[in-house]
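Chain by chain, the residues:
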Amino acid sequence: MDLPDFFPSSWARFRNGCFGLFIALAATGSGWAQGGATYDLIAQTDGAAPGGGTYGYLSTPVIGNGGAVAFSGSSGNGDRIWAGSPGALQKVAGSGEPAPGTEADFAYFGPVAINAAGRTAFQGFVSSEGYIEGLWAALPSGLTLATQVGDAAPGGILEDISALGPAAFSTSGDLALKIRLTASETSQLPGSALVLGRPGAFSLVLAEGDDAPGFTEGTRVSAVYEDDYYGDDTGSTVSLNDRGELAFKVKVTRPEFESSDGVIYAGKPGQLNIVAVEGEPAPQVPDAIYAILDSRPSISSNGYVAFAALLASGVNEGIVEVPQSALFANGPRGAGLRPLVRSGDPVPGAAGVVFGSLSNPCINRTGDVVFEAEILYPDESSRGSLWLKRLDGPPVLLAASGVFFSTPEGPREAYGVGFAGSGGFNDLHEAVFAIGFGDETTAIYRADTRPGAPMVTITKPATRKGQVTRAARIVIGGTASDDSDIAKVEYRVRQIPDRSRRALGKPARQNVRVRQAVGTTDWQFRLPLAVGRNVISITATDSRGNESEPCEITIIRYDCKK
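Since the structure is predicted, the reported quantities are computational estimates derived from the model, not experimental observations.

Caption draft 1: The arrangement of the pairing of strand 18 (residues 246-253) in detail. Counting buried positions along strand 18 yields six of eight residues, so the element is predominantly enclosed. Bridge count for strand 16 (residues 220-223) against strand 18 is three bridges, and the pairing is antiparallel. Considered in strand 18, the bridge of Val 221 is made with Val 252. In the sheet, strand 17 (residues 239-240) pairs with strand 18 via two bridges, with the strands oriented antiparallel. Bridge pairing links Ser 239 to Ala 247 in strand 18. Between strand 17 and strand 18, which pair antiparallel in sequence order, lie five residues; one of them, Gly 244, sits at a positive phi of approximately 85 degrees.

Have a look at this one:
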């Protein structure tokens, strides 16, 4: 598979030798390092697995805000779940082992979630006269059964749970998931609901038949648990943060319409806000409406939301191609909901190459989004890829099929990229993903996408003329910018007396004490001036501890009496 030569041709500096990531151009064989990211190999088929044996197949991984990763796979003759810091993974559970809360053993496992404390929650199946599905959570007290198929539904619903969707897991121990219910006497179709809570103490957030929050009277929730186009339950996901806020999709039926429309909600139970509605205008895309909302939205630790959608023409046909894929998000700086990337947008630096379908976004607290995308080439070929979109700037490539990844056996060509979406990217700017190599082997990598240090700009005094003064004090002010929060702005002062004072034997004086300015992104401080040159050095530190290069300004104070 040939790749157009549109990636930078520079050698990567690997963090752990061959266990870093090497991406080479298939056409030229030259090396590539992308966007300042560094890469670690977490696990690979046939590599030694914690708890014994070697890795077999590996699932798509997830990562918590504390940096711990989790994934399922096989080792030896059974399924396993592993979690922990890269390089220090531990087995959490394995098939053939007793399943807590039951009288059976684990048989195999489904989707895994991990929280900021590094604890996991996962779907499992136990073998007891057939396979029974359950949900387990690793709590401080140990591995605990949260719920299982056959349990009574919470909230007084007179039905039993018949299926479980993938769970989200908060640091406090709360679990959020969609459940399917047994068919009622009046309907051959099962109902569904979204629940939130701790093992044994779930509460209903929203259920089929409920009034749809934010809509006119008579609008009802018509579906909560959905299968996707491929028949699995990835459409039944929910995203949960440590503030107790959720993001999820349901369908609602309005009395004035015959069909049901998809709706994305975000917020806390009882305080849910409508984010997007199928059939309504898409923001900042002229004459476009949401045709289909993807059912896997993401919510960040501070409440930002990202989701994918297919767009259609609203009024004037032909202005928006049908269907057109797009990613939307809100974020810092008062930014409302806006499109981040759309199908048809050019791939940065690639002549004639454009984005195709877009999916699986995950947003973090700075507003950065990692997402999957199809890349479309002029010859109508395509390939899967993984991208990072910062708040400012074009998308940055993280991984793609057709490029070569470093493995212990040497560079190998990727044939597929797997990304979890929500749960695949964290506040430390780390993304985890799986790479398939085309021979039934898989590897899991972590990309550390932490950006560089903040930038400091001095805006006061605004002119060079303002840097020469007779005043005994002056106000210095400016801004500090970064793609994450600015934690603090500090300054130091070095004072150099004028010539007459040096003649009297007074040396240059350095104020070695570090002082903190007032404010962060907009900052200022009032400074006493010595007669002579006052050299002020200003630095900013972001929320990740990155410090800017010092920004210096010299203020000259003169004294006409001399």
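Caption draft 2: Broad picture of the nonpolar core. In this structure, Val 370, Leu 386, Phe 405, Phe 433, Ile 435 and Tyr 445 are the most contacted members of the largest nonpolar core, which totals 23 residues. Sorting the residues of this core by element identifies strand 1 (38-44), strand 28 (382-389), strand 29 (396-400), strand 33 (430-436) and strand 34 (442-448) as the ones contributing at least two each. When sequence neighbours within four positions are dropped, the list of residues in contact with Leu 386 reads Val 370, Phe 371, Glu 372, Val 396, Leu 397, Leu 398, Ala 399, Val 417, Phe 419 and Phe 433. Formed by 21 residues, the second largest nonpolar core is a distinct cluster that contains Tyr 304, Ala 308, Val 347 and Phe 371.

Caption draft 3: Up close: the sheet that holds strand 7 (residues 106-114). Across the sheet, four strands lie side by side as 7-8-9-10; this open sheet has antiparallel pairing. On the outer flanks of this sheet lie strand 7 and strand 10 (142-148), each paired with one strand and no other. On average, each strand axis in the sheet is inclined to that of its neighbour by 30 degrees, with strand direction left out of account. Two elements, strand 8 (residues 120-127) and strand 9 (residues 131-139), share seven bridges in a ladder whose sense is antiparallel. If you follow Phe 125 over to strand 9, its bridge partner there is Glu 133.

Caption draft 4: Summary view of the packing of aromatic side chains. Taken as a whole and assessed by the stated rule, the structure comprises 21 aromatic pairs. Linked through ring pairs, Phe 106, Phe 109, Phe 122 and Trp 136 together constitute an aromatic cluster.

Caption draft 5: Representation of a nonpolar patch on the surface. Taken together, Val 468, Ile 556 and Tyr 558 make up a surface patch of nonpolar side chains, about 240 Å² in accessible area. In this structure, Ile 556 sits in strand 43 (residues 551-557).

Caption draft 6: Representation of the sheet that holds strand 35 (residues 455-460) within the structure. The sheet built from four strands is open, its strands ordered 35-37-41-40 with antiparallel pairing. Two strands close off the open sheet at either side, each with one partner strand: strand 35 and strand 40 (518-519).

Caption draft 7: Structural detail: the side chain of Thr 449. Looking at the secondary structure, you find Thr 449 in the loop between strand 34 and strand 35. Within the structure, the side chain of Thr 449 is placed 2.7 Å from the backbone oxygen of His 429, a separation counted as a polar contact. For Thr 449, the contacting residues outside a window of four places in its chain are Ala 37, Leu 388, Arg 390, Leu 398, Phe 425 and His 429.

Caption draft 8: Local environment of the pattern of salt bridges. Counting across every chain of the model gives 13 salt bridges. Of the charged contacts in the structure, one is a salt bridge between Asp 40 and Arg 446, with a shortest N-O distance of 2.5 Å. A residue pair is termed long-range when its members are at least 10 positions apart, and Asp 40 in strand 1 and Arg 446 in strand 34 qualify at 406 residues. A residue is classified by how much of its surface remains accessible, and Asp 40, at 5% relative accessible area, is buried. Overall, Arg 446 belongs to the buried group, its relative accessible area being 12%. Connected through salt bridges with shared partners, the residues Asp 40, Glu 430 and Arg 446 form a single ionic network.

The rules behind the values
Residues numbered from 1 in each chain as written. Predicted model: local features only at pLDDT ≥ 70, side-chain atom pairs only at ≥ 80, totals over all residues. Heavy atoms only, no water. Buried < 20%, exposed > 50% of the residue type's maximum accessible area, 1.4 Å probe, protein only. Helix = DSSP H or I, 4+ residues; strand = E, 2+ residues; numbered from the N terminus. Pairing = 2+ DSSP bridges. Core = buried A, V, L, I, M, F, W, Y, C linked by side-chain atoms within 4.5 Å. Contact = heavy atoms within 4.5 Å. Axes fitted to C-alpha atoms, helices over the stretch in contact; angles between N-to-C directions. Phe/Tyr/Trp six-rings, centres within 6.5 Å; stacked < 30°, edge-to-face > 60°. Patch = residues over 30% accessible without salt bridge, like charges linked within 9 Å, V, L, I, M, F, W, Y side chains within 5 Å. Areas by Shrake-Rupley, 256 points an atom, 1.4 Å probe, with all protein chains shown as cover. Salt bridge = Lys/Arg side-chain N within 4 Å of Asp/Glu carboxyl O. Polar contact = N/O pair within 3.5 Å; in protein donor to acceptor, adjacent residues only side chain to side chain.

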